[in-house]
Amino acid sequence: MDIAKETIYKVADLARIEIAEQEVETLQADMNKILTFMEKLNELDTKDVEPLVYMNPEVNVWREDVVHQDITVSEGLKNSALHNEDFFLVPKILDK
């Protein structure tokens, strides 16, 4: 299959890219190579190949979500400039 110059301009327009006149022949050759490769792939027998949905066959490999209390509230507030017994205090930035 041979790609026409009009097809190159159409693809560039759809991709919203600007191409120079001297780039068209290079792009034609590159796109022809891509289509030749795709034609070679179409020759392969894939009837016994299962469709690939995910690259990893594992369904869920994450750990169990368990809550751990690593530091106490007082340790967490220790380096805060402003705080009360349980919370950080920050300046008000929104007015009603």
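See above for the structure.
Calculation rules
- Residues numbered from 1 in each chain as written.
- Predicted model: local features only at pLDDT ≥ 70, side-chain atom pairs only at ≥ 80, totals over all residues.
- Heavy atoms only, no water.
- Helix = DSSP H or I, 4+ residues; strand = E, 2+ residues; numbered from the N terminus.
- Rg over C-alpha atoms; globule rule 2.2 N^0.38 Å.
- Buried < 20%, exposed > 50% of the residue type's maximum accessible area, 1.4 Å probe, protein only.
- Areas by Shrake-Rupley, 256 points an atom, 1.4 Å probe, with all protein chains shown as cover.
- Lys, Arg positive; Asp, Glu negative; His and termini not counted.
- Charge placed at Lys NZ, Arg CZ, Asp CG, Glu CD.
- Contact = heavy atoms within 4.5 Å.
- Polar contact = N/O pair within 3.5 Å; in protein donor to acceptor, adjacent residues only side chain to side chain.
- Expected span 1.5 Å × (residues − 1).

S.K.: Got a minute to help me understand the overall build of the chain in this structure?
M.R.: The helix and strand inventory of the chain stands at three helices and zero strands. Listing the helices and strands of the chain from first to last along the sequence gives α-α-α. The globule rule puts the C-alpha radius of gyration for 96 residues at 12 Å, and the 30 Å found for the chain is more than 25% above it. If you line up the chain on its principal axes, its C-alpha atoms span 75 × 45 × 25 Å. In the chain, which comprises 96 residues, the share counted as buried stands at 9%. Accessible area of the chain: about 9900 Å², with a carbon and sulfur share of 57%. Charge-centre separation for the chain: the mean point of 10 positive side chains lies 5 Å from the mean point of 21 negative side chains.

S.K.: So what exactly am I meant to see when it comes to unusual backbone geometry here?
M.R.: It is generally the case that most residues other than glycine have a negative phi and that most peptide bonds are trans. Positive phi values are uncommon outside glycine, yet R16 reaches one of about 60°. As for its placement among the helices and strands, R16 is situated in the loop between α1 (5–14) and α2 (24–42).

S.K.: I keep staring at the environment of H83 and nothing clicks. Help me out?
M.R.: Relative to the assigned elements, H83 resides in the segment after α3 (73–77). Taking the relative accessible area as the measure of exposure, H83 reaches 37% and is therefore partly exposed. For the pair formed by H83 and L52, sequence separation is 31 residues and the distance between their alpha carbons is 53 Å. Contact partners of H83, with chain neighbours within four places excluded, come to L77, F88 and L89. Among the polar contacts made by the side chain of H83, one reaches the main-chain carbonyl oxygen of L77 at a distance of 3.4 Å.

S.K.: Before we go on, may I ask you to explain the side chain of N32 in this structure?
M.R.: Within the fold, N32 resides in helix α2. Judged by relative accessible area, which is 15%, N32 ranks as buried.

S.K.: Honestly, α2 in this entry has me stumped. Any pointers?
M.R.: Residues separated by three or four positions in an α-helix point in the same direction, a consequence of the helix having 3.6 residues per turn. Between its first and last C-alpha, α2 extends 27 Å over 19 residues, near the 27 Å set by a 1.5 Å rise per residue. Next to the buried residues of α2 lie α1.

S.K.: Just checking my understanding: could you explain the side chain of S80 for this structure?
M.R.: Positionally, S80 belongs in the segment after α3. Look at S80 and you get buried, because its relative accessible area is 18%.

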